[in-house]
Amino acid sequence: MAREGIHVERPYERLNKDQVELIHQASMEILQDPGLISFNEEAVNIFHSHGAEVESLGGDHRSWHVKLPEQLMTSALKSVPKTVTLGARNPDNSLVMNGDQPKVYLITGSETNIWLDVEFPEYVHKSDSSKKIRVPEFKPRRGMVEDLCQSARVCEHLEMVDGFIRNVNIQDRDITPENKDVNKFFASLNNNTKHFMSGLTSLDQLDNVVRMAELIAGGKKQLADNPIISFITCLVKSPLQFVDDTTSTFIEICRRGLPVAVSSSPQAGTTAPIKEAGIMAQINAEVLAGIALGQLVKPGVPLLYGSVPVRARMDTLSDSYGAVETSQYNIDCVQMARFYGIPNYSTSGVCDSKIPGQQSSIERLFSDIVVAMSGPQYLHCAFGLLECNSVFSLLQAVLDDAHFKMIKHFLKQPRVDQTEIESVLKQIRSVVDTPQKLYISHIRPVLRSGEISGLYPFEGSGETDQVFELAFDRMEELLAKPVQHIDEETTARIFAEVPGILPRLNVYERGS
Amino acid sequence: MPENMIDQIRENVIQGRVSSDDEGMEEGMAGQPGVTELVEQALESGVPIRDIVSKGLSGGMDIVGKKFEAGEYFIPDMLASAEAVGAAMDILQPRLAKSGIKTKGTVIVATVKDDLHDIGKNIVTILLRGAGYVVKDLGNNIDTQVIVDAVRDEKPEFLGLSALLTSTMARMEDVIRSLEENGLREQGKIIIGGAPVSDEFARSIGADGYGADGFQAVAVVEALTAEET
Ligand code: B12
């Protein structure tokens, strides 16, 4: 059983057929001229053995110029699976995605360095001490492994979260590059039964992480059938460069047959043209090149078309996720991925704002609505993320969940058919015939069927805005809810077989 | 048997089913007798009217009220139950006097002249009927004279006036002055409601009560009834 997702019957599209075709052609041209620069030798060899023209470049870092002929691309892309299944510890939380089908799953992410605590101090009116308000005070600090556990726990209970991408960068003193991967995977998997996706810090840890997943899934074959974990790799550095280490990681993950999101994040204005046609042609070329490499490594390996395009801020030239163009690029990418029939990993909800508030609400809702409408299969929608993905707030995640419920309701298909028309005609005739002429009694059958959307869940009483206070109460409620941890026996095996997991993460040995 | 019938009436009030056509809250109820059919049956089998009213109808409404307060029921549910009680009262009305039972009282309601807003007034009507009052609804855009005549003819315990426009709220005062001029002001209590009016406004024009919504309308009428007795 897979999660329901949001079915978008008639996705919003910006590009017409000719424009899609033009972008596709431009990407194919880009891959031949100027081609890619690869800092990874293995990728160069793989492309070369399939007919790419390669040329070694001089300089401090070993790199190669790779020209990918259209024919190579076309034949490599043939084996990309249209349907990708991402498993889960609880199989009812699986995600089944089809590249042709605009069904949206909502996913958390990305790795934030800062965790935002919140308190509600009370303020008293200077001239009237009977007037008091509680105002949220946000306190940033470094993210720790316990925060990741908490976040995983809350996301387990957030109804709209379909899958979990680790959203806290764990920076405890005892976390090292060597043990970071196993700890982030264990902390997340142990506190959340949904699909788990993460990047890998160190390629050396890949087999430990995979072993952990096998133990949880019940074996090698079980993991292949129910891939409870997947990876995200940004092997591309825009413009058009394959970086060395991530490309190695990507190749190794592909060899193991586990699902990977191939992502590229060009910034319009700095690392990609500021023009829509330009960033689109480039990002499409970058993602397709990564996907082609994966297919050449292992034909049929499940891959996601990962697109995280963004526009530059004109004041600082850093990312501006709040810019409306960022949403336009994302929607275009969704459309391009659908053109190839490859499930798409897209982005929405990332904001420039540093704290939850009016700016963050407006920025995120704007892109959440429009990008969701375009029908990406795997939408990284930045639950709880602030300041361009560098800050995580649980309070914001709780708010986002409520807002996505509204978006999901909005995207429901209209129910207009012969039976419905007949039934409403009957209703209209009968109500008009009564003295009061009110349809209220006909509300009842639909009131509890979920057909009617609910009230805003954080509506306060009186004249003050209590959204944050009420969302905070909800957050506390969710934090107190238990989650289903990995069972004791499996936990013991994981600790025995997978080195480096912090003993304090073992829920069965904490008390002793 | 009679106990069972009263239970069924109460249950159907809770379900908000006027007649067998209604669906109610739970699946599979359509087709089974609703409150009006059950009341007819109960009367035929000789169940005392007093029991039908107090144990069946009011008993059911009490539970509905509790469910509403608990957030389990919404306004449409409450109105459906009130409509069922109102429809039952229509059937019982002619027999109440005969069996020596006093009704809770008669209320005449109207939206004043030049005001077409009647949704709120209709809701008030349904809820008052559900609470056991006999309600005569004159409609909307009603001439002051028509209201005065109705008070003279029907001798209601209450008159409820509704206005939704700042330009028509003054008509309420006209009605009260006209009742005074016709020596009818002491006939019954006057309550008013509608978005632009308030408790303060009610007092300023010499009305006896104000209700901010349908539930308050019932509460005000009940409080004024209690004052009388
Ligand atoms: C629906 C509506 C209409 C509908 C009415 C349909 C109908 N069948 O009633 C239509 C479209 C016809 C309409 C027309 C107009 N409307 Co209009 N309408 C409204 C609206 C949006 C909602 C009223 C409503 O039904 N509310 C829902 C019910 C459940 O609430 P309620 O009426 O307040 O009733 C509750 C309580 O007040 C109380 N209550 C009511 N009556 C009574 C009586 C007693 C005795 C008691 C105890 C309690 C009680 O209990 C009720 C139940 O809980 C209001 C906006 C508003 N915020 O009120 C404007 C509003 C009242 N309309 C307004 C206007 C201007 C008009 C028009 C003049 C527009 C135009 N230019 O044509 C016309 C006037 C027509 C006329 N001559 O009356 C203005 C009035 C402003 C003002 N100056 O006062 C309002 C406030 C909108 C606005 N902000 O501009 N309207």
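Here the structure is a predicted model, which means the values were calculated and not measured.

**Observations regarding the overall build of chain A**
- Each helix and strand counted, chain A has 16 helices and 25 strands in total.
- Rg of the C-alpha trace for chain A: 24 Å, near the compact-globule value of 24 Å for 512 residues, within the 12% margin.
- Projected onto its principal axes, the C-alpha coordinates of chain A cover approximately 85 × 65 × 50 Å.
- Looking at chain A as a whole, 54% of its 512 residues are labelled buried.
- Contacts spanning at least 24 positions in sequence make up 72% of the contacts within chain A whose residues lie at least 6 apart.
- Accessible area for chain A stands at about 22,800 Å²; split by element, carbon and sulfur atoms hold 52% of it.
- Averaging the coordinates of the 50 positive side-chain charges in chain A and doing the same for the 66 negative ones gives two points 4 Å apart.

**Remarks on the interface of chain A and chain B**
- Each partner contributes residues to the interface: chain A has nine residues there, and chain B has 19 residues.
- Taken together, the two surfaces of chain A and chain B that pack against each other cover about 1,100 Å², and 60% of this comes from carbon and sulfur.
- For the chain A face of the interface with chain B, the top three residues by lost area are Gln436(A), Arg444(A) and Arg448(A), together amounting to 58%.
- Our count for the chain A to chain B interface comes out at two salt bridges.
- Along the contact surface separating chain A from chain B lie five residue pairs in polar contact (both at pLDDT 80 or more).
- A class-by-class count of the residues in the side of chain A that touches chain B yields five nonpolar, two polar and two charged.

**Comments concerning the site of the ligand**
Residue and element names in this part refer to chain B.
- Surveying the vicinity of the ligand reveals 25 residues, the closest of which are Leu116, His117, Asp118, Ser162 and Thr166.
- Elements represented by at least two residues in the shell around the ligand include exactly helix 5 (119-130), strand 3 (158-162), strand 4 (189-193) and helix 9 (214-228).
- For the shell around the ligand, the residue count by class is twelve nonpolar, nine polar and four charged.

**Re the coordination of the cobalt atom of the ligand**
- Coordination of the cobalt atom of the ligand by the protein involves just one donor, His117(B) (NE2), at a distance of 2.3 Å.
- On the secondary structure map, His117(B) appears in the loop between strand 1 (106-111) and helix 5.

**Details of the nonpolar core**
- By size, the foremost hydrophobic cluster in this structure holds 144 residues, and its most contacted members are Phe47(A), Leu68(A), Met212(A), Phe231(A), Leu293(A), Tyr305(A) and Tyr378(A).
- At twelve residues, helix 9 (residues 276-297) of chain A tops the list of elements feeding residues into this core.
- Those residues in contact with Leu68(A) that sit more than four places away from it in its chain are Leu31(A), Gln32(A), Leu36(A), Phe47(A), Ala52(A), Met73(A) and Ala289(A).
- Counting residues in hydrophobic clusters, the runner-up holds 46 residues, among them Tyr73(B), Met89(B), Val107(B) and Tyr133(B).

**Some thoughts on the pattern of salt bridges**
Residue and element names in this part refer to chain A.
- Considering all chains together, one arrives at 49 salt bridges over all chains under this definition.
- The residue aspartate 207 makes a salt bridge to arginine 256 at a minimum N-O spacing of 2.7 Å. A residue pair is termed long-range when its members are at least 10 positions apart, and aspartate 207 in helix 6 (residues 206-217) and arginine 256 in the loop between helix 8 (244-255) and strand 17 (260-264) qualify at 49 residues.
- On the basis of relative accessibility, which here comes to 44%, the residue aspartate 207 falls in the partly exposed class.
- A relative accessible area of 31% means that arginine 256 is categorised as partly exposed.
- The structure contains a network of salt bridges with shared partners spanning Glu42, Asp207, Glu252, Arg255 and Arg256.

**Details of the domain arrangement of chain B**
Residue and element names in this part refer to chain B.
- As assigned here, chain B comprises domain 1 (2-99) and domain 2 (106-228).
- The straight-line distance from the C-alpha centre of domain 1 to that of domain 2 is 27 Å.
- The contact between domain 1 and domain 2 buries some 860 Å² in all, and 76% of this surface belongs to carbon and sulfur atoms.
- Viewed at the interface, domain 2 and domain 1 are joined by one salt bridge.
- Two residues, arginine 129 and aspartate 90, come together in a salt bridge whose shortest N-O distance is 2.9 Å.
- Seen at the junction of domain 1 and domain 2, the total is two residue pairs in polar contact (both at pLDDT 80 or more).
- At the level of secondary structure, the elements contributing two or more residues to the side of domain 1 that touches domain 2 comprise helix 3 (49-69) and helix 4 (75-98).
- A per-element tally of the side of domain 1 that touches domain 2 places helix 4 first, with eleven residues.

**Concerning helix 16 (residues 488-497) of chain A**
Residues and elements named next belong to chain A.
- Taken residue by residue, helix 16 has Thr490, Thr491 and Ile494 as its buried positions. Looking straight down helix 16, one finds its buried side chains confined to an arc of 100°; they lie on one side. Opposite the buried face of helix 16, at more than 90 degrees from it, the exposed residues are Glu488, Glu489 and Ala496.
- Tucked into the core, helix 16 has its buried residues touching helix 5 (180-191) and helix 6.
- Put simply, aspartate 487 is the residue that caps the front of helix 16, since its side-chain oxygen is 3.1 Å from the backbone nitrogen of glutamate 489.

**Things to note about the environment of Val287(A)**
Residue and element names in this part refer to chain A.
- With respect to the helices and strands, the residue valine 287 is situated in helix 9.
- For valine 287, a relative accessible area of 0% gives the class buried.
- C-alpha of valine 287 to C-alpha of tyrosine 305: the two residues are 18 residues apart in sequence and 6.4 Å apart in space.
- Aside from chain neighbours lying at most four places away, what touches valine 287 is Val262, Ser264, Tyr305 and Gly306.

Conventions used here
Residues numbered from 1 in each chain as written. Chains lettered and ligands numbered in written order. Predicted model: local features only at pLDDT ≥ 70, side-chain atom pairs only at ≥ 80, totals over all residues. Heavy atoms only, no water. Helix = DSSP H or I, 4+ residues; strand = E, 2+ residues; numbered from the N terminus. Rg over C-alpha atoms; globule rule 2.2 N^0.38 Å. Buried < 20%, exposed > 50% of the residue type's maximum accessible area, 1.4 Å probe, protein only. Contact = heavy atoms within 4.5 Å. Areas by Shrake-Rupley, 256 points an atom, 1.4 Å probe, with all protein chains shown as cover. Lys, Arg positive; Asp, Glu negative; His and termini not counted. Charge placed at Lys NZ, Arg CZ, Asp CG, Glu CD. Buried area = accessible area lost by both parts, 1.4 Å probe. Salt bridge = Lys/Arg side-chain N within 4 Å of Asp/Glu carboxyl O. Polar contact = N/O pair within 3.5 Å; in protein donor to acceptor, adjacent residues only side chain to side chain. Nonpolar A, V, L, I, M, F, W, Y, C, P; charged D, E, K, R; others polar. Near = heavy atom within 4 Å. Donors = N, O, S within 2.8 Å, 3.2 Å for Na, K, Ca; no water. Core = buried A, V, L, I, M, F, W, Y, C linked by side-chain atoms within 4.5 Å. Domains from an automatic or database assignment. Arc of directions from axis to C-beta.

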